Amino acid sequence: MAKTAATKKEESPEAIRKKLVLTGADIVAIGEEAELLVGGKNYNTALISQIEGIQAPYFRAISSLAFHRVLDETKVTGRIVRAVVDREYGRIDWNDPEINQDPDFLQKFVRQLGKQIHDAAAAEGDQSHTKLRTFINTIVEGFATSPEGIDQLRKRSVMVQAAILSVDLPQDVDEAVRGAYLSICNENGDDMTPVAVRSSAAGEDSRKKAFAGLQDTYLNMVGPAKVVEAYHWDCASAYNLRSMTYRREAILDAIARAEETGDEAIAINAKQEWAIENTSLSVCMMQMINPVISGTAFSADTSTGCRGTARKDLVSIDTSYGLGEAVVGGKVTPDKLYVFQRDDGSEVVIRQMGCKDMKIVYDERGGTREVAVPELEALRWALSLSQAERVAKGVRAVSKAYGGMIMDTEFCIDANDKLWFVQARPETRWNEELELHPTTIFMRRREVDAKAAANAEVLVEGNGASRGAGHGTVRFLRSALELNKVAKGDVLAAERTDPDMVPGMRVASAIMADVGGDTSHAAITSRELGIAAVIGIQRLDVLRALAPRETVEWAKNFLRHVEVPELVSPYVSRLATHLQLSEAELRQGLADSRRPGPDGQTTRPSRARQNMRDRQIMMYAVRYPDRLDDLRDLGADLALQSDIARQLWDKIEEWGSDEAPYHLDQREKNFWSFCRGAEAAPRDDGDRELAALRHDLDAYYAATQRQSVTAALRQNTGTGDFAADLEYLRALQETLEQGHEQS
């Protein structure tokens, strides 16, 4: 049953193709050719909205014609774009842990650049004269075969996106997007209907490529202005790094196949189909359902392509609470259900409990937010048996409408227990296999040697979302900003993967993700790439610790050689951050990290210099006992080396200036009298004396740190592996610089 409004009078397909906004009925009227105009997501949404018994939300498709008008009818000043991006991009430390922990940093950064470019152009008053498309093609030229590293490619992507966001949308495009939103509101009977604004690129969610989440999605957008803004953001995301790299790798794969087969047509066709210069984007604007439960459902077993009996009735479901983004984004490990029919038509449901500790919900201010799921609710099944049967029935209906293809669907159930299907797409991995080998179920791509497996140590276990085997050095990524650490053949590990990690996933030999289900991004992308994936491990601490053993041992040895114990603790944290190691593992066995000298004592700088420094510190402590906190801030208490100085410090700290003299031994009393007696200097300029002491302590710590770390490096390198030494030295260079800045 169609959910979109019928046109008042029948229009020809040619007239419909020229519209900037299309309904589901418009798309169905055009037929399969509409997929090139509105993309796979819009095309599939239009089809499922026509299936009897399937409830789909109201939606509108913003044609790719609107995207091309943005590129062809707006202009930029390339000089300003380059100047702003060069300046601001160079200021970012892409290894900064805070930046790596913010999954939205790059989006926010690009939007900020777009505004700066827009304002700078307006301030100059110079008429922009370079067509936006021309500028973009100049920047992306050669991207597909460029030998540049990930950082340089990311900068190109940032420059293009910022340029797109710096222009104002053409008036007719702006009005078309607003009109599309208002028409959804009218059909829904609510002037402020929340909508999702999703990309629907050519090829995305098609029968051959999933293009899983390569462009951006914006949820809970309310109001015409907000929807127009989200559309503008989506246009820019057509050139984000993950999308451009996906196209690049598709071309390189085709070139490799052409060389293997001698068929040049493969490479020529791929360059035409995937050329970044030919990027095209449609957008799907869909009424949002506020779900209690949501998830994904396949009309087959996701790991093997098995469809059950000859009736092809097996449905596998991943489900959790709140919005479905938590499931498809791999933010939770969802409940897993298999539903199939007995010969008498009754349903059998097999369930496996997941880890549903959070959910994504509407944010009252717009957009979404993550909230914790109460413990008792997390331990219940998200989907009841009867609801699972209803979902399975709907998936089978969708599969039947697509000629029996294996379908990947997304569903949700609202507070009124109404089942909605919000997306459907032909599954990309198994449909192709079954088309070539209709009687074969493929369980694995690469086998593990049986003898090796028998003697192997099991470090982690999880769900084999993509069957097979892989081996290589484990590289744990905190975010996609660390993709330059992944080399071809490495095993990519992360708490969860997201579309920004696709460039690294394409060169990895296997994937490990701490959370996620069979239909999360990590699972779908791994199956499409044909590499092994273990997800839902739920052992993040272990994943972090799976760094190369030689790196861990190198770091431990370095710490053992550090001569100043006070430096060990901060360097543990820095090494863990920059070498991607487990801080807990580095600390293990390093309780006493001093390196004994010939006499069994830790090597120290000159004793005479130490005694002089101890004396200066304690003179100030005795003269100004009420300012011990200031001394601590300078690290003076940590700089004390002699037992005599430490004992006197402890007594002043414990008893204070009034009581301490009664607890001193004779030597300490003599020192106290020397500092505070009648012949001592007046105690009237504590700030000046403290400043002088600060200068001495800064010099001491800087020199001590350099000497200690340099000595440790000398002790720990030169083992014959020159390349490894260079790698470690580069990684530690930043920590040395940070240490000197802070000392």
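What you are looking at is a predicted structure, and each value in this text was computed from that prediction instead of being measured.

Engineer: Which parts of the structure should I look at to understand the overall build of the protein?
Structural biologist: Scanning the protein from terminus to terminus reveals 31 helices and 20 strands. The buried share of the protein, reckoned over its 743 residues, is 52%. Restricting to contacts in the protein with at least 6 residues of sequence separation, those with at least 24 account for 67%. Of the accessible surface of the protein, which amounts to about 34,500 Å², a share of 49% is contributed by carbon and sulfur atoms.

Engineer: Looking at this structure, I do not really get the packing of helix α8 (residues 132-140) against helix α9 (residues 150-165). What am I missing?
Structural biologist: Two quantities define a packed helix pair, namely the angle between the helix axes and the distance between the axes. Between α8 and α9, whose axes approach to 9 Å, the crossing angle comes to 175°. Between α8 and α9, the angle falls in the class roughly antiparallel. Across from L132, F135, I136, I139 and V140 in α8, the residues of α9 making contact are R156, M159, V160, A163 and I164. Tallied by class, the residues present in the contact of α8 with α9 amount to nine nonpolar, no polar and one charged.

Engineer: Would you explain the environment of E11 in this entry?
Structural biologist: Structurally, E11 is set in the segment before α1 (13-17). It is 8.6 Å that separates the C-alpha atoms of E11 and D26, two residues lying 15 residues apart in sequence. Among all residues touching E11, those that are not within four sequence positions of it are I16, K19 and D26.

Engineer: Looking at this model, I keep getting lost on the packing of aromatic side chains. Mind explaining?
Structural biologist: The description of an aromatic ring pair rests on the distance of the ring centres and on the angle between the ring planes. Summed over all chains, the structure comprises four aromatic pairs. Ring centres 5.8 Å apart and planes at 10° place the aromatic pair F105 and F109 in the stacked group. With F105 and F109 both in helix α7 (residues 105-124), this residue pair falls four residues apart, about one helical turn. Residue classification places F109 among the buried positions, given a relative accessible area of 5%. With a centroid separation of 5.1 Å and an interplanar angle of 55°, the aromatic rings of Y218 and W233 are classed as tilted.

Engineer: How do you make sense of the nonpolar core when you look at a structure like this?
Structural biologist: Across soluble globular proteins, nonpolar side chains show a tendency to be buried alongside one another. In this structure, I62, V85, L132, Y231, Y239, M285 and L492 are the most contacted members of the largest nonpolar core, which totals 79 residues. The element contributing the most residues to this core is α9, with nine residues. Each residue touching V85, except ones within four places of it in the same chain, is listed here: G90, L113, I117, K155, V158, M159 and A162. Core analysis: the next-biggest nonpolar cluster, separate from the first, contains 28 residues, A382, V395, M405 and F421 among them.

Engineer: Can you help me understand unusual backbone geometry in this one?
Structural biologist: Most peptide bonds are trans, and most residues other than glycine sit at a negative phi. Residues other than glycine seldom take positive phi values, yet N220 does so here, at roughly 55°. By the element assignment, N220 lies in strand β6 (residues 217-221). Not every positive phi belongs to a glycine, and Q538 is a case in point at roughly 60°. Turning to its location among the elements, Q538 is positioned in the loop between β20 (532-535) and α21 (540-544).

Engineer: Can you help me understand the side chain of S526 in this one?
Structural biologist: Within the element layout of this structure, S526 appears in helix α20 (residues 521-529). With a relative accessible area of 0%, S526 lands in the buried category. Setting aside anything within four residues of it in sequence, one finds S526 in contact with S466, M505, I511, I531 and A533.

Engineer: Would you take a moment to explain the environment of V448 for this structure?
Structural biologist: Within the secondary structure layout, V448 lies in the loop between α17 (429-436) and α18 (450-455). C-alpha of V448 to C-alpha of H471: the two residues are 23 residues apart in sequence and 9.8 Å apart in space. Not counting chain neighbours up to four residues away, the residues in contact with V448 comprise A453 and A469.

What counts as what
- Residues numbered from 1 in each chain as written.
- Predicted model: local features only at pLDDT ≥ 70, side-chain atom pairs only at ≥ 80, totals over all residues.
- Heavy atoms only, no water.
- Helix = DSSP H or I, 4+ residues; strand = E, 2+ residues; numbered from the N terminus.
- Buried < 20%, exposed > 50% of the residue type's maximum accessible area, 1.4 Å probe, protein only.
- Contact = heavy atoms within 4.5 Å.
- Areas by Shrake-Rupley, 256 points an atom, 1.4 Å probe, with all protein chains shown as cover.
- Axes fitted to C-alpha atoms, helices over the stretch in contact; angles between N-to-C directions.
- Parallel < 35°, antiparallel > 145°, perpendicular 65-115°, else oblique.
- Nonpolar A, V, L, I, M, F, W, Y, C, P; charged D, E, K, R; others polar.
- Phe/Tyr/Trp six-rings, centres within 6.5 Å; stacked < 30°, edge-to-face > 60°.
- Core = buried A, V, L, I, M, F, W, Y, C linked by side-chain atoms within 4.5 Å.

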